Amino acid sequence: SFGVGIPDLEERALAWSKEPKTERRSQSRDPRTFPAPGITAMTGKSAPAATDLAPAEPKKEPVAALEGEPAPAPAAGEPLVPEHPPAAEQPADKSTPVPATAGTPTPEGGAPAPPAEPQAPAPEPEKPKAEPPSSPLALTVEEVSENSVTLTWKAPEQTGRPGLDGYVVEICKDGSPDWTAVSKEPFLSTRYTIQELSSGEKVHVRVKAVSASGASVPATLEQPVLIREILQLPKIRMPRHLRQTYVRRVGDAVNIMIPFQGKPQPEVAWTKAGQPLDTSRINIRTTGKDTIFFIREAQRRDSGTYELAVRINGAEDKATLDIRVIEPPSPPQNLKLVDVWAFNVALEWTPPVDNGNSEIKGYIVQKSDKKSGKWFTALEHCTRTSCTISDLIIGNSYSFRVFSENACGRSEKAAVASGVAHIKKTKTSYQPEKIPQRDMMEPPVFTQPLTDRTTTRGYSTHLFCSVRGFPQPKIIWMKNQMEIREDPKYIAMIEQGVCSLEIRKPSPFDGGIYTCKAVNPLGEASVDCRLDVKGKV
């Protein structure tokens, strides 16, 4: 052991390996650099054993040694330690004890190095504090009475992480700096009525939003509130569906609520035809804002016009309510068979005596044949008091009945015809209508004559005319008074009285007078035209 740590030796060996070989040889032969074991370099005295020496403090190698410069001379009293020992002269014993870290005793029992100062723990970052909610919005006065005031507002835009616990309402009398909470605990409703106030006093009002992180900046009314009753003229708010006749069926419940307004609380009165209502059948319940008209089971006699009056200190507002209670009508009257012919039946009747307090919408006619006995609807929504039933089967006997119908439905009973309609079998003979024959015989007559034409050599051309006659006349085409017979150069056709002659690729020789002649037993007729054929330019 040379009294230095192994890490220090490794650093020096690395620097020594980088120096020139000549310098390393001179250092290896210098007895001062590598003294014999147990003998100092200058006095020749034996050095104490390595085990009796205190562990040398780690020495940092100068920067110059790494750059190839000679190391500085050791201080007096320190053992000379080779800066760059050769690899062969380094101790081969791998069990050389490694100096302990600072603050722990060495294996040789030396004094421990002073312990390193403990580092102070890093301060923990402070958690951001939760922000309180923002102020409530749109604080307004909804209603003021002689001893209370009702407030409304909207929830704040920001409620914070913990969430909103509720709101606190505070008041302060005008001229006093003290605010008093009127709600014992926070509440979540955005509407609150402050009770037990004195009439005639002025109070300032504010509302706070409260959460676990604190209370918000209060929302305050700009002006104090004067506690007094605000006079309001009576006004009936008749619902739209009650502005027309209110229709119910017999036995149905009638439950109508009509709101109104007015301050102080108005007096409400219901009448029918100027008389008070029958409280045994009609129940009226009135609050400060509406009145309810209720009938448990409506009857026909409950129909009529009801008047509602709302009064405040001589001021009055009125409204009318028309109620109609309906039921199915009675059946028609005097149903009878008027006529039966072929497979048709004519019926007539009169309107019902009772229309069920509603206009008759129509009638339903049903038939029943004697063989099956079942009723079938033959006609629906008949608006007249007579009808004709057709498509009856010849040889059957039929019965008929009629129901009346209104907005409530059809009548419970039907009017039945007293007679039975027998559809008899009758023999019929077909006699065709005699149509006088007209004499259609006519000699040929040309309705459209031929016209003169000029054509070019080598280009086909057509001649047209039209003829009428009965029997159909025979058409004969002639050129220069010579009949054109089976010549492939000419194609003659007739269709629906239109005669045509096609001259294929004419030459100057084909020019001349062309004649169309029509002949039938009653006579003959003819027309002609001139055709000129010019040579090509």
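Everything quoted here is computed from the prediction, not taken from an experiment.

Draft legend 1. How the structure looks around the overall build of the chain. When helices and strands are tallied, the chain shows three helices and 36 strands. Looking at the chain residue by residue over its 537 residues, the buried ones come to 31%. Sequence separation of 24 or more characterises 62% of the internal contacts of the chain that already satisfy a separation of 6 or more. Looking at the chain as shown, the accessible area adds up to about 35800 Å², and 51% of this sits on carbon and sulfur atoms.

Draft legend 2. How the structure looks around unusual backbone geometry. For the bond from Lys-263 to Pro-264, the omega torsion is -5°, close enough to zero to count as cis. Along the chain, the position of Pro-264 falls in the loop between strand S12 (254–263) and strand S13 (267–272). Here the residue pair Phe-470 and Pro-471 is connected by a cis peptide bond, since its omega of -5° sits within 30 degrees of zero. Within the element layout of this structure, Pro-471 appears in the loop between strand S30 (461–470) and strand S31 (474–479). At Asn-334, a position not held by glycine, the phi torsion is positive, near 55°.

Draft legend 3. Summary view of a nonpolar patch on the surface. A contiguous nonpolar patch, built from Met-440, Met-441, Phe-470 and Leu-522 and spanning about 390 Å² of accessible area, is present on the exposed surface. By secondary structure assignment, the location of Met-441 is in the loop between strand S27 (421–422) and strand S28 (442–448).

Draft legend 4. Local environment of the pairing of S13. As paired strands, S13 and strand S17 (residues 304–312) are joined by six bridges and run antiparallel to one another. Residue Val-268 lies in a different strand from S17, and its bridge partner there is Val-310. Relative to strand S14 (residues 275–276), S13 is paired through two bridges, and the arrangement is antiparallel. By the bridge assignment for S14, Lys-272 is matched with Gln-275. Remark: two residues form the turn of the hairpin made by S13 and S14, two consecutive strands paired antiparallel; Ala-273 in that turn has positive phi of roughly 55°.

What counts as what
- Residues numbered from 1 in each chain as written.
- Predicted model: local features only at pLDDT ≥ 70, side-chain atom pairs only at ≥ 80, totals over all residues.
- Heavy atoms only, no water.
- Helix = DSSP H or I, 4+ residues; strand = E, 2+ residues; numbered from the N terminus.
- Buried < 20%, exposed > 50% of the residue type's maximum accessible area, 1.4 Å probe, protein only.
- Contact = heavy atoms within 4.5 Å.
- Areas by Shrake-Rupley, 256 points an atom, 1.4 Å probe, with all protein chains shown as cover.
- Patch = residues over 30% accessible without salt bridge, like charges linked within 9 Å, V, L, I, M, F, W, Y side chains within 5 Å.
- Salt bridge = Lys/Arg side-chain N within 4 Å of Asp/Glu carboxyl O.
- Pairing = 2+ DSSP bridges.

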